[in-house]
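Spelled out from the first residue to the last, the chains are:
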Number of protein chains: 2
Amino acid sequence: MPQLEERKKLASEWFKEIRDDICQEFEAIEDEFKAVTGPGLGAEQPASTGRFEQKSWERQNEDGSEGGGGVMSIMHGRVFEKVGVNISVVEGKFSEEFRHKIPGAEENPQFWAAGVSLVAHMFNPHVPSVHMNTRYIITSKAWFGGGMDLTPTHLYDEDTEAFHGALEVMCNKYDPNYYTRFKEWCDQYFYLPHREEPRGVGGIFYDYIDSGDFDKDFSFTRDVGKTFKRTFSEIVRRRAAQQWTEEEKRAQLIKRGRYVEFNLLYDRGTEFGLKTGGNTEAILMSLPPNVIWP
Amino acid sequence: MPQLEERKKLASEWFKEIRDDICQEFEAIEDEFKAVTGPGLGAEQPASTGRFEQKSWERQNEDGSEGGGGVMSIMHGRVFEKVGVNISVVEGKFSEEFRHKIPGAEENPQFWAAGVSLVAHMFNPHVPSVHMNTRYIITSKAWFGGGMDLTPTHLYDEDTEAFHGALEVMCNKYDPNYYTRFKEWCDQYFYLPHREEPRGVGGIFYDYIDSGDFDKDFSFTRDVGKTFKRTFSEIVRRRAAQQWTEEEKRAQLIKRGRYVEFNLLYDRGTEFGLKTGGNTEAILMSLPPNVIWP
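Rules and cut-offs
Residues numbered from 1 in each chain as written. Chains lettered and ligands numbered in written order. Predicted model: local features only at pLDDT ≥ 70, side-chain atom pairs only at ≥ 80, totals over all residues. Heavy atoms only, no water. Pairing = 2+ DSSP bridges. Helix = DSSP H or I, 4+ residues; strand = E, 2+ residues; numbered from the N terminus. Axes fitted to C-alpha atoms, helices over the stretch in contact; angles between N-to-C directions. Parallel < 35°, antiparallel > 145°, perpendicular 65-115°, else oblique. Left-handed = near helix turned anticlockwise from the far one by under 90°. Contact = heavy atoms within 4.5 Å. Nonpolar A, V, L, I, M, F, W, Y, C, P; charged D, E, K, R; others polar. Least-squares fit on C-alpha atoms with pLDDT ≥ 70 in both. Buried area = accessible area lost by both parts, 1.4 Å probe. Salt bridge = Lys/Arg side-chain N within 4 Å of Asp/Glu carboxyl O. Polar contact = N/O pair within 3.5 Å; in protein donor to acceptor, adjacent residues only side chain to side chain.

Comments concerning the pairing of strand 1 (residues 53–60) of chain A
All names here are of chain A.
Here's step 1: As paired elements, strand 1 and strand 2 (residues 66–75) share seven bridges and run antiparallel to each other. What sits directly across from Q54, in strand 2, is S73.
Here's step 2: Linking strand 1 back to strand 2 in an antiparallel pair, the connection comprises five residues, with G64 at a positive phi of about 90°.

This is the structure in structure tokens:
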């Protein structure tokens, strides 16, 4: 198999594998916390513990050719109020509008891209919302991108430090500059200028990772997924049984409004997806289950 | 007084007058329907009938000079779940980014603008959401713009026809082409390509109105405001006491998500406001009080 095809296969298979691992772990958490509830829900908790449901989607290019597709997995649970995980393998041609924005696309507008992305909104306002995404993109160049960030409504230093700490340890295995660089990139990216507010407490954000050593870059990508699964699950387990008040729940629903504002006003992935014929349902799966703008 | 100053004064005073008229009418409706409630509210109805609260805001230009300001009026009532009316008189200089998009701004980037804008989200899912806006803008040219559109969750032909009918009669007093042209413009503008859905049932949308006859154009602007007040109030009074089911309320909260998507992804006014140092609170007052993305 030609080298590039081999790499496509490895990356695509990994995104599926980590999706399965994460979904399994989140379902296990659902089983562990069966009866957690509190005031001001805003949505009904389901009668039984949550399970992921899958839905496939296909994508057509503008010229009518097949453009690949993906699978959405969504769970409405008792701990995870709404969590969506999307994997996709797509290919096509960048439109004029995007060519100058994408490395290697001006020479040749053909692209191939695969990835996994996840957003979780939790019933319990003491558990942060979270986003994680990793992707492998091929134009006339090839690179990895991704990241994860935490959006708590109620700040717990213990959670923030555990999250950043795990990312720092993981990044340091690959490059002494990764953590500082990717943390800063995350802070810059997840910022709402119109509110003069960060989206949350950050994490890491990276793109255009091509060190020249595919195995190393791919290993980093896998570590991002595994670190996410381990670290976020710990935070969820620590907070999921904590009692909350109606005011705390209300604050969470307002905070979710900022999440919506960021995703629709600024997020590159959302813009890119909606403007390149992506699947609207899969792209907007990240929007919170319910939101207040007072 | 120089002619242009006279016109600024006339327009600004009018926007304030129609704001007062509309707020008075909406408060009267609140008093008429004191005990309308139903299942699945998503938000608590207040203990007393709604009253508008005003909040002034000021605007600074990037160079630190005073840029005018405005007044937000917001009511959380029993009929009007959340209605915001904003009036503003602002002036400044268009940034490079906007100059080529605005008539007369390439010659001279200075602008003056005044307007009134209103968005209402109703408790009762049988009453449509509504938007109305009129504005007077001066660069090296000067023109009126505005419009109104109706976003029902549950369609009532009677309401849609009353709304469009009133607009047609009003438009025809000024120009036989206005209604058809502005209705079509509205349909094109309030469209969500990623959903392949119109935002609602339309209305009128117009811009760059400068017929050469200021008195006529200003009279049209005033008629837009008066027609809005009369016609929308009729629709509200017709529907406000109608019973609803939990499913109907839920459908409304989902429909509101489309409203958010439109305003944050596509609305020129929102983009323009947020990128020209507008008041975030006033601009995003249009967002619904609560929303579901299932």
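Having seen the structure, we can now continue with the description.
Quick word on the packing of helix 6 (residues 246–265) of chain A against helix 6 (residues 246–265) of chain B
Here's step 1: Relative orientation of the contacting elements helix 6 of chain A and helix 6 of chain B amounts to 50°, with a least axis distance of 9 Å. Judged on the interaxial angle alone, helix 6 of chain B and helix 6 of chain A are oblique. In this structure, helix 6 of chain A crosses over helix 6 of chain B, and the sense of that crossing is right-handed. Contacts between helix 6 of chain A and helix 6 of chain B pair V260, E261, L264 and L265 of chain A from the former with V260, E261, L264 and L265 of chain B from the latter.
Here's step 2: Its residues assigned to classes, the contact of helix 6 of chain A with helix 6 of chain B shows six nonpolar, no polar and two charged.

Digging into the relation of the copies chain B and chain A
Here's step 1: Each copy of the sequence occupies a distinct position, and chain B is placed on chain A by a rotation of 180° and an axial shift of 0.0 Å, giving an RMSD of 0.0 Å. Such a turn and shift between the copies fits a two-fold axis.
Here's step 2: Interface residue correspondence from chain B to chain A reaches 100%, placing this contact among same-surface, isologous pairings.

What to know about the sheet that holds strand 1 of chain A
Residues and elements named next belong to chain A.
Here's step 1: If you trace the seven strands from one edge of the open sheet to the other, you get 1-2-3-4-5-6-9, paired in antiparallel fashion. Of all the strands in the sheet, the pair left with one neighbour each is strand 1 and strand 9 (202–209). Adjacent strand axes in the sheet meet at a mean angle of 10° when their direction is disregarded.

A look at the sheet that holds strand 3 (residues 80–93) of chain B
Residues and elements named next belong to chain B.
Here's step 1: In space, the seven strands of this open sheet follow the order 1-2-3-4-5-6-9, with antiparallel pairing throughout. Since the sheet does not close on itself, it has two edges, and those belong to strand 1 (53–60) and strand 9 (202–209), each with one partner. Each strand of the sheet is rotated relative to its neighbour by a mean of 10°, with strand direction disregarded.
Here's step 2: Inspection of the sheet shows strand 4 (residues 110–122) paired to strand 5 (residues 129–138) by nine bridges, in the antiparallel sense. Its bridge partner lying in strand 5, A113 is registered against I137.
Here's step 3: Most of the contacts of helix 4 (residues 178–189) go to strand 9, to which it runs at about 105°, and overall it touches strand 6 (142–151) and strand 9.
Here's step 4: Strands strand 3, strand 4, strand 5 and strand 6 of the sheet are contacted by helix 6, whose axis makes an angle of about 165° with strand 4.

Digging into the interface of chain B and chain A
Here's step 1: Tallying the contact residues gives 19 residues for chain B and 19 residues for chain A.
Here's step 2: Across the interface of chain B and chain A, roughly 1,700 Å² is buried in total on both sides, 67% from carbon and sulfur atoms.
Here's step 3: If you look at where chain B meets chain A, you find zero salt bridges.
Here's step 4: Linking chain B to chain A there are nine residue pairs in polar contact (both at pLDDT 80 or more).

A closer look at the packing of helix 1 (residues 3–32) of chain A against helix 5 (residues 214–239) of chain A
Residue and element names in this part refer to chain A.
Here's step 1: Running from amino to carboxyl end, helix 1 crosses helix 5 at an angle of 10°, the nearest separation of the two axes being 11 Å. It follows that helix 1 is roughly parallel to helix 5 by the angle criterion.
Here's step 2: Looking at the contact of helix 1 with helix 5, its residues break down into 14 nonpolar, three polar and eight charged.

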